[in-house]
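Here is how the chains run, residue by residue.
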Amino acid sequence: MGEMAFEQRALVKAVETAWQEEQQERAAEALRVATPGGRFHVRWDEDGSATALGQLVFFGEFLDVSGLFARWVDGCPMAYTSPNAPAVVNVLGTWLLSILDGQRRYAHVTGLRGDEVAPQILGMNKIVSDESLRRALAHLAPDQSKRCGEQERAARAAQLAKSTAWMDTALSESTREALRSPWILDIDTTIKLLYGHQAGAEIGYNPTKPGRPSHTLHTYWIGNVRLVLDVEVQGGKASAAKHSLPRLCLLIERLAPEERPTLVRGDNAFGNEGVMAALEALGQRYLFKLRQTAGVKRLIERQWQQGEWQDVGQGFDAVESQLRLSGWRHARRVVVLRRRVKDSLAAETNREDPQQELHFIDSSDKVKRWEYAVLVTNADYALEAFGQLYRDRADCENGFDELKNHWGWGGYTTHDMERCNLSARAVALIYNWWSWYVRLAHPKTRLEAITSRPMLLSGVARLTQHAGQSRLLLTLSHAASDRIKEMIANIRGGLEHVLATAPQLPTIDRWHALVRYIVSQILAARPKNPSPLSLFAPRLALGSG
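What counts, and at which threshold
- The residue numbers shown here count from 1 along each chain, following its written sequence.
- Local features in this predicted model are restricted to residues of pLDDT 70 or higher, and side-chain atom pairs are both shown and tallied only at a pLDDT of 80 or more, whereas totals for entire chains, interfaces and linings draw on every residue.
- Remark: hydrogens and water are excluded; side-chain values derive from all non-hydrogen atoms of the structure.
- Strands here are runs of E lasting at least two residues and helices are runs of H or I lasting at least four, both read from the DSSP assignment and numbered beginning at the N terminus.
- Exposure is judged per residue with a 1.4 Å probe applied to protein chains only, and the accessible area is read against the type maximum: over 50% gives exposed, under 20% gives buried, and values in between give partly exposed.
- In this description, contact between two residues means that some pair of their heavy atoms is separated by no more than 4.5 Å.
- Each polar contact in these results corresponds to two N or O atoms within 3.5 Å; when the atoms are within protein, one needs to be able to donate a hydrogen and the other to accept it, and residues that are neighboring in sequence are counted only if both atoms are side-chain atoms.
- Whether two strands pair comes down to DSSP finding at least two bridges between them.
- The term salt bridge refers to a side-chain nitrogen of Lys or Arg lying within 4 Å of a carboxyl oxygen of Asp or Glu.
- Each pair of aromatic rings taken from Phe, Tyr and Trp, with Trp reduced to its six-membered ring, is defined by centres within 6.5 Å and is described as stacked if the planes are under 30 degrees apart, edge-to-face if over 60, and tilted in the remaining cases.
- Criterion for a charge above a ring: Arg CZ or Lys NZ at most 6 Å from the ring centre, at most 35 degrees from the ring normal.
- Here the axes come from fitting lines to C-alpha atoms, over the contacting stretch only for helices, and the angles between their N-to-C directions go from 0 to 180 degrees.
- Any angle that is under 35 degrees is reported as roughly parallel, and any over 145 degrees as roughly antiparallel; angles of 65 to 115 degrees are reported as roughly perpendicular and all others as oblique.
- Three residue categories are used. Nonpolar comprises Ala, Val, Leu, Ile, Met, Phe, Trp, Tyr, Cys and Pro, charged comprises Asp, Glu, Lys and Arg, and polar comprises the others, including Gly.
- Residues grouped as a nonpolar core are buried Ala, Val, Leu, Ile, Met, Phe, Trp, Tyr and Cys residues, joined through side-chain atoms within 4.5 Å.
- The reported arc concerns the directions from the helix axis to the C-beta atoms and nothing else.
- Scored from 0 to 100, pLDDT reflects the predictor's confidence in each residue.

A few words on the overall build of the protein chain. The number of helices and strands found in the protein chain is 16 helices and 16 strands. Every one of the 545 residues in the protein chain was classed for burial, and the buried ones make up 45%. Long-range contacts, defined as pairs at least 24 residues apart, comprise 65% of the intrachain contacts of the protein chain with a sequence gap of at least 6.

This brings us to the side chain of Asp-188. Topologically, Asp-188 is positioned in strand 4 (residues 184-193). By relative accessible area, which is 5% here, Asp-188 ends up buried. Separated by 2.9 Å, the side chains of Asp-188 and Arg-393 make a polar contact. If sequence neighbours within four positions are ignored, Asp-188 has contacts with Leu-217, His-218, Thr-219, Asp-267, Phe-270, Arg-393, Glu-397 and Phe-400.

Turning our eyes to something else, we now look at the environment of Leu-229. Within the fold, Leu-229 resides in strand 6 (residues 227-235). Measuring from C-alpha to C-alpha, the distance between Leu-229 and Ser-174 comes to 8.6 Å, with 55 residues separating the pair along the chain. Beyond its immediate chain neighbours, meaning those up to four positions away, Leu-229 contacts Leu-171, Thr-175, Leu-179, Trp-183, Leu-185, Tyr-220, Trp-221, Ile-222 and Leu-251.

With antiparallel pairing, 3 strands are arranged side by side in an open sheet as 3-15-16. Each edge of the open sheet is held by one strand with a lone partner, namely strand 3 (50-51) and strand 16 (469-475). Note that strand 15 (residues 460-466) and strand 16 share 7 bridges and pair antiparallel. Along strand 16, the bridge assignment pairs Thr-464 with Arg-471.

Quick look at the pattern of salt bridges now. Any two side chains of opposite charge can pair if their charged atoms end up close together. Under the definition given, this model contains 27 salt bridges. The network of salt bridges with common partners includes Asp-168, Asp-230, Arg-247, Arg-254 and Arg-425.

Let's shift gears to the packing of aromatic side chains. As enumerated under the stated definition, the model contains 19 aromatic pairs in all. For the pair Tyr-106 and Tyr-412, a centre-to-centre distance of 5.2 Å together with 70 degrees between the ring planes defines the contact as edge-to-face. Of this pair, Tyr-106 sits in the loop between helix 4 (88-100) and helix 5 (118-121) while Tyr-412 sits in the loop between helix 12 (395-406) and helix 13 (417-441), placing them 306 residues apart in sequence. Residue Tyr-106 is classed as buried on the basis of its relative accessible area, which comes to 2%. Ring plane angle 40 degrees and centroid distance 6.4 Å describe the contact between Tyr-381 and Phe-386, whose orientation is recorded as tilted. Taking relative accessible area as the criterion, Tyr-381 reaches 7% and is therefore assigned buried. A relative accessible area of 0% means that Phe-386 is categorised as buried. Site record: aromatic cluster; members linked through ring pairs are Phe-59, Phe-62, Trp-434, Trp-436, Tyr-437 and Trp-511. The ring of Trp-407 carries Arg-453 above its face, with NZ or CZ at 4.3 Å from the centroid.

This part takes up the packing of helix 4 against helix 13. Contact geometry for helix 4 and helix 13: axes closest at 10 Å, N-to-C directions at 70 degrees. On the basis of their axis angle, the class for helix 4 and helix 13 is roughly perpendicular. Across the interface between the two elements, Trp-95, Leu-96, Ile-99 and Leu-100 from helix 4 touch Leu-422, Ser-423, Ala-426, Val-427, Ile-430, Trp-433 and Trp-434 from helix 13. Broken down by class, the residue content of the contact of helix 4 with helix 13 amounts to 10 nonpolar, 1 polar and no charged.

Before going further, it helps to spend a moment on the sheet that holds strand 14 (residues 369-377). The strand order 6-5-4-7-8-14-11-10-9 describes an open sheet built from 9 strands, whose pairing is mixed. Every interior strand has two partners, whereas the edge strands, strand 6 and strand 9 (310-313), have only one. The sheet shows a mean angle of 30 degrees between the axes of neighbouring strands, direction not considered. Contacts between helix 10 (residues 294-306) and the sheet are confined to strand 10 (316-323), strand 11 (332-341) and strand 14, with strand 10 contributing the most and set at about 120 degrees to the helix. Along the sheet, helix 13 contacts strand 4, strand 5 (214-222) and strand 6; its crossing angle with strand 6, the most-contacted strand, is approximately 165 degrees.

Moving on to the nonpolar core. Membership of the largest hydrophobic core comes to 120 residues, with the highest contact counts inside it found for Phe-62, Trp-72, Trp-95, Phe-288 and Trp-407. Per-element tally for this core: the top contributor is helix 13, with 16 residues. Other than its neighbours up to four places away in sequence, Trp-95 contacts Trp-72, Leu-133, Leu-137, Trp-166, Leu-422, Ser-423 and Ala-426. Judged by nonpolar contacts, the second largest core, of 15 residues, contains Leu-287, Tyr-381, Phe-386 and Leu-389.

Our next topic: helix 6 (residues 130-140). Inspection of helix 6 places Asp-130, Ser-132, Leu-133, Ala-136, Leu-137 and Leu-140 among the buried residues, and these make up the whole buried set. One side of helix 6 carries all its buried residues, which in axial view fall inside an arc of 155 degrees. Of the surrounding elements, those touching the buried residues of helix 6 are helix 4, helix 7 (150-175) and helix 13.

Turning our attention to the confidence of the model for the protein chain. Detail in the predicted coordinates should be disregarded across regions flagged by low pLDDT. Overall, the prediction assigns the protein chain a mean pLDDT of 85, with 88% of residues at 70 or greater. In the model, residues 530-545 has pLDDT below 50 throughout and makes 43 contacts with residues more than four positions away in sequence or in other chains.

Once that is clear, we can look at the environment of Thr-208. Positionally, Thr-208 belongs in the loop between strand 4 and strand 5. With 15 residues separating them in the primary sequence, Thr-208 and Leu-193 have C-alpha atoms 8.8 Å apart.

Regular strands place their side chains on alternate faces of the sheet. Summarising the sheet, strand 8 (residues 286-289) and strand 14 pair through 3 bridges and their orientation is antiparallel. Following the sheet pairing, Lys-289 is matched in strand 14 by Leu-375. Two strands pair when backbone bridges link them, and strand 11 and strand 14 are joined in this way by 9 bridges, in the antiparallel orientation. Paired with Arg-333 across the strands is Thr-377, a residue of strand 14.

Laid out in structure tokens, this is it:
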């Protein structure tokens, strides 16, 4: 009886072995694929180690020399107790790769899990699943809205405070050196559309899709260099400036006097008594745009009649005055900017009516059309400076567009607000790291993600190991391969310079030395003839290029 059972088990095992060998033989057979270019024989490479992020190895060297990733991992307040829990470096490494790859959803992490090379570059054992990543972030930023006992609620609040402090430290480290020179703090809000049942999903100001629930991202931006000082996610109805003000004041108060911004700049949502009075109490200069209220329009009419306009460059005229609107505690300095519109225009009426009409407005010397803006400020800059300061304000809109559409600010959505806020700050952190890296590669001008990722991240790399050495064979498919190699040479030259001049320094000091080197390269690449506007207003040392 026992012998028969043994024979059956042996037979089953033999059949399974034969079936597996047959499947392997079939897999080894080339697939004949007919294409417009002819017939190709395709085989699956089951044992190969390759990555589509071939140039990640150079970014990994940047992270190693600066110590940014290692300090981020070491400071993470995630303490799993289960022996089966993923390592912290695997969780944060997966998060970094997902953000760096331009993904927008946690489920997209699955597309990286077959990559066996990228994890080794970052010192990881593996890429965790999207569910593991969500659970890890829930551990870092627990939901505060769930019903629980006082002890559990206190533990959740303590954990959230630790995670907030951890991200505060990482974001501050990524921007601290940029605050050594005169800089401008731009504040604004942007809308993140939602399509589920998330906490804070409220119907508020939404110019893209009115009536759609959303979150509001309050952003604090280092002007001209496109670095995110901080970001805060709030509910869809919290789009007013009063919701940005507490965090704004806290950020300014935390900075040393020599690191504070020379100017805080915002659109017409911030040109109100509450924001201006709070900044005046801190001794902080500001520049805001005013809404076109009745009092502002009367001011414009008076200035038009006086005709004391002054040319401030690029077609703009300016005039200054004193204005005290109802609700203001005292009169403040205002600057009226105007620019003539000479192009042909068209006006549309009855947009909802199928019989809508279109009126063409031809240019004529008898009728002059102007676009105008009214700015309020407590800064003592010369009038000539405000034209450029107003135009530079539009640059941060390009950064918002890049972060939302190419860096994941429009995604990484969970049901709770805490993880949404943590993910938005993580995207800002990785964005800052990548911005410094790209400026090291190309100090002349900024390169947005849609350009820099294909050039400095993409590439097929195959890993081979022999005699204890790991070798990457990197293949570039980009047309600008020669330019890419020059940029990589710039990166490695900067890293070697830092290692050669400060080999004994700890990694945090090497990072500061590296940023100073990048700043010096940016300044060296700027035009030798400075703008005359530098005589009238603070220009960011890193320039607007």
